[in-house]
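Notes for the structure review
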Amino acid sequence: MFAEQKMTRRKFLKYSSNTILASIVALCGLSIITTACAAPKGITEGAMIKLGSLKELRKGPLPKKVEYSATLQDGWTERETKGFVYISKNVDDELIIMSPVCTHLGCTVPFADEAQRMNNIEFFCPCHGGQYDEAGMNIGGPPPRPLDIFNPIVKGDEVYINILNVTERT
Ligand code: FES
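What counts as what
- Residues numbered from 1 in each chain as written.
- Predicted model: local features only at pLDDT ≥ 70, side-chain atom pairs only at ≥ 80, totals over all residues.
- Heavy atoms only, no water.
- pLDDT = per-residue confidence, 0-100.
- Contact = heavy atoms within 4.5 Å.
- Pairing = 2+ DSSP bridges.
- Helix = DSSP H or I, 4+ residues; strand = E, 2+ residues; numbered from the N terminus.
- Buried < 20%, exposed > 50% of the residue type's maximum accessible area, 1.4 Å probe, protein only.

Considering the confidence of the model for the protein
Overall, the prediction assigns the protein a mean pLDDT of 82, with 73% of residues at 70 or greater. Counting interchain partners and residues more than four positions distant, the pLDDT-below-50 stretch residues 24-44 has 17 contacts.

This is the structure we're talking about:
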């Protein structure tokens, strides 16, 4: 009788742990499938913004301005957004995707004029005279750090950025 009860308890524990394990595996599997299926399609999904084909973005002259318009998903609501980024390349020939927002006080930074470009100033912030070079490095004026960047997310030949995920450089 006692041995039978012990077996029952053991069986119960075994079944319970198997059930819990199966649930965890099912949830993880579902999560992996959901993540894989959440790859960008069309223009955007969530905060993903399609910039264009890798081949086109790498084409010079660089740096260049790349405009985007997209529908951002925010919970149950959607909103239209428009903007642009600057595309350049680093010494390893990798894309640098830069935010045009000045790291001083947030003005939008345009390209420098011809005379400023003669002095290696590629972007010039009109608000307080912030200067950046072609890689977006701060080289003069009050900006405390380089232009922020977006990590390129490459799917096939298309390049996407997560517009809500900007990276600060030092
Ligand atoms: S906001 Fe750009 S230099 Fe101040």
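Remarks on the sheet that holds strand β9 (residues 149-150)
Ordered by their spatial adjacency, 5 strands build an open sheet running β3-β4-β5-β9-β12, and the pairing between neighbours is antiparallel. Either end of the sheet is taken by a strand with one partner, and the two such strands are β3 (64-74) and β12 (166-167). In this structure, strand β5 (residues 95-98) lies alongside β9, joined through 2 bridges in antiparallel fashion. When the bridges of β9 are listed, M98 appears paired with I149.

What about the environment of L105?
Structurally, the position occupied by L105 is in the loop between β5 and α3 (114-117). Looking at L105, the relative accessible area reads 62%, which means it is exposed. Measuring from C-alpha to C-alpha, the distance between L105 and H128 comes to 9.0 Å, with 23 residues separating the pair along the chain.

Some words on the environment of E122
When you line up the elements, E122 lands in the loop between α3 and β6 (123-125). Note: C-alpha distance between E122 and M137 (15 residues apart in sequence) is 9.6 Å. Apart from residues no more than four positions distant in its own chain, E122 is found in contact with P63, P110, F111, A112, R117, Y132, D133 and E134.

Description of the side chain of S99
In this structure, S99 sits in the loop between β5 and α3. The buried category is assigned to S99, whose relative accessible area is 8%. In this structure, S99 is in contact with L147, D148, F150 and V166, ignoring residues within four places of it in sequence.

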